[in-house]
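The lines below spell out each chain.
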Amino acid sequence: MISTYLSHCNLSISETAVAGQLSELDAYLETHHLDAIWSYQIPELGEGGSCSLFGHLQEAPFLLAEYVSKTNDTEQQLSRLQTIAQYVKSATGVDWFGIYQAREADGMQQLLKLAYYGAPSRPLFPITDAFAATSNNIQTFLSEQARVINNIPDYVAKGGEYYTCDPKVQSEVCLPLLDPQGKCQGIIDAEAFEQECFDEYKLAVLVAACIRAIENLPG
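Per chain, residues are indexed from 1 in the order of the written sequence. Given that this is a predicted model, residues contribute local features only at a pLDDT of at least 70 and side-chain atom pairs are listed and counted only at 80 or more, while totals for whole chains, interfaces and linings are drawn from all residues. No hydrogens and no water enter the side-chain calculation; it runs on all heavy atoms of the structure.

Identification of the protein as Histidine kinase from Pseudoalteromonas rubra is taken from an unreviewed UniProt entry.

The following block contains the structure:
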């Protein structure tokens, strides 16, 4: 499972490191339980909806129940996803982390944020080639490849396109959520306010989070 995932998304880290983090995560899930987040604040979107206006929040909260049926099973799944997010926070100390699922939303396929911690952020990312031009989230979903950017200013200076939500973010990792058939069902996104944040240890934590998150995506 671990080997297949790493090979599929072209990520060169130790399988042993991931296996160790998977065991740590499983132990954490046995002893911790966080409630699902069914509503959260979100930023205003800029002209055309292509970017968020950092620091400007919409008055009305985003209601996840308008996009995901609120059943007992879903409550448990979202609770486990939120607990996985908390584990990532405790194990890595990164400043932002989110789990997204590809779903039909507002008449189109989008990445929907199901669980997260950190600053308010947009809840939906349109799955389109146009949006993929600047969105690491969408590029990761469409390519099914890991994206690790450990120095965002240098990446942008060299011509890389980058969607900026929080200007404090200096490094970012996006990884695909792959089902047992190898099809991408969503992504995770981790961000840090320091450069060169994502070493092998933190990447192993994130891969473990992917392996458990895919098991808890709502139907």
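A.B. asks: In this structure, what is going on with the overall build of the protein? I would like to understand it.
C.D. replies: A count of helices and strands for the protein gives seven helices and ten strands. Both definitions apply: the radius of gyration is a C-alpha atom measure, and the globule rule equals 2.2 Å times residues to the power 0.38. Relative to a compact globule of 219 residues, whose C-alpha radius of gyration would be 17 Å, the protein shows 16 Å and is just as compact. The C-alpha extent of the protein, read off along each of the three principal axes, is 45 × 45 × 30 Å. The cut-offs for exposure are 20% and 50% of the maximum accessible area for each residue type, with area from a 1.4 Å probe on protein chains only; residues under the lower value are buried, those over the upper are exposed, and the others partly exposed. The proportion of buried residues among the 219 residues of the protein is 54%. Contact criterion: two residues are considered in contact whenever any of their non-hydrogen atoms come within 4.5 Å of each other. Partitioning the intrachain contacts of the protein with sequence separation of at least 6 by distance along the chain shows that 62% fall at a separation of at least 24. Approximately 10000 Å² of the protein is accessible, and the part contributed by carbon and sulfur atoms is 48%. Note that His is not counted, nor are the chain ends; the positive residues are Lys and Arg, and the negative ones are Asp and Glu. A charged residue contributes its charge at one atom only: NZ of Lys, CZ of Arg, CG of Asp or CD of Glu. Across the protein, the mean location of the 12 positive side-chain charges is 1 Å away from that of the 28 negative side-chain charges. Think of it this way: any DSSP run of H or I at least four residues long counts as a helix, any run of E at least two long counts as a strand, and we number them from the N terminus. Values of accessible area rely on a 1.4 Å probe in the Shrake-Rupley scheme; residue burial ignores everything except the protein chains shown.

A.B. asks: What is the right way to read unusual backbone geometry from this model?
C.D. replies: One non-glycine residue, N10, lies in the positive phi region at around 60°. Topologically, N10 is positioned in the loop between α1 (2-8) and α2 (15-31). Look at E196: it is not a glycine, yet its phi comes out positive at around 55°. Here E196 shows up in the loop between β10 (184-192) and α7 (200-213). Residue classification places E196 among the exposed residues on the basis of a relative accessible area of 54%.

A.B. asks: What exactly am I supposed to notice about the packing of α2 against helix α3 (residues 72-92) here?
C.D. replies: Think of two packed helices as two axes; the pair is described by the angle between the axes and how far apart they sit. At their nearest, the axes of α2 and α3 sit 10 Å apart, and the two run at 125° to each other. Between α2 and α3, the angle is such that the two are oblique. In the crossing of α2 with α3, the sense of the turn from one axis to the other is right-handed. Contacts between α2 and α3 pair Q21, E24, L25, Y28 and L29 from the former with R80, T83, I84, Q86, Y87 and S90 from the latter. Simply put, an axis is a line fit to the C-alpha atoms, just over the touching stretch for a helix, and the angle between two N-to-C directions goes from 0 to 180 degrees. Throughout this description, any angle smaller than 35 degrees is read as roughly parallel, any larger than 145 degrees as roughly antiparallel, any in the 65 to 115 degree range as roughly perpendicular, and the remainder as oblique. Note: crossing handedness is left-handed where the near helix turns anticlockwise from the far helix by less than a right angle, and right-handed where it turns clockwise.

A.B. asks: Please explain the packing of α3 against α7 as it appears in this structure.
C.D. replies: The geometry of α3 relative to α7 is characterised by a closest axis approach of 10 Å and an angle of 170° between their N-to-C directions. The orientation of α3 relative to α7 falls into the category roughly antiparallel. Within the contact between the two elements, α3 uses L81, I84, Y87, V88, A91 and T92 and α7 uses Y201, K202, V205, L206, A209, R212 and A213. Residues were grouped as follows: Ala, Val, Leu, Ile, Met, Phe, Trp, Tyr, Cys and Pro as nonpolar; Asp, Glu, Lys and Arg as charged; and all remaining residues, including Gly, as polar. For the contact of α3 with α7, a count of residues per class yields ten nonpolar, one polar and two charged.

A.B. asks: Any chance you could explain the nonpolar core here in plain terms?
C.D. replies: Grouping buried Ala, Val, Leu, Ile, Met, Phe, Trp, Tyr and Cys residues that are joined through side-chain atoms within 4.5 Å yields what is termed a nonpolar core. In terms of nonpolar packing, the biggest core is built from 70 residues, with F97, L175 and L206 touching the most fellow members. If we skip the residues at most four places from it in the chain, F97 touches A85, V88, A115, Y116, Y117, I188, D189, A190, L206 and A209.

A.B. asks: Can you help me understand the sheet that holds strand β8 (residues 147-149) in this one?
C.D. replies: In a beta sheet, neighbouring strands are held together by backbone hydrogen bonds and run either parallel or antiparallel to one another. A strand pair is defined by DSSP finding two or more bridges across the two strands. Strands sit in the order β7-β6-β5-β10-β9-β8 across an open sheet of six strands; the sheet is antiparallel. Strand pairing shows two members of the sheet lacking a second neighbour, β7 (124-126) and β8, which therefore form its edges. Between one strand axis and the next, the sheet turns by 25° as a mean value, whatever way the strands run. Of the strand pairs in this sheet, strand β5 (residues 96-105) and β10 are connected by six bridges, and their pairing is antiparallel.

A.B. asks: How should helix α5 (residues 136-143) be read in this particular structure?
C.D. replies: The periodicity of an α-helix, 3.6 residues per turn, causes residues three or four positions apart to be oriented the same way. For α5, a buried count of six out of eight residues is recorded, marking the element as mostly surrounded by other parts of the structure. Taken together, the buried positions of α5 are N136, N137, I138, Q139, T140 and F141. Capping the start of α5 is the job of one residue whose side-chain oxygen sits 3.3 Å from the backbone nitrogen of N137: S135. Looking one or two residues past α5, E144 carries a phi angle of roughly 60°, positive in sign. N or O atoms within 3.5 Å of each other form a polar contact, as long as, within protein, one can give a hydrogen and the other can take it, and as long as residues adjacent in sequence are counted only when both atoms are side-chain atoms.

A.B. asks: Could you clarify how one ought to interpret the environment of I42 in this entry?
C.D. replies: The residue I42 is located in the loop between β1 (39-40) and β2 (43-45) in this model. For the pair formed by I42 and L25, sequence separation is 17 residues and the distance between their alpha carbons is 29 Å. For I42, the residues in contact, after removing those within four places along its chain, are H56, L57, Q58, F62, S121 and P123.

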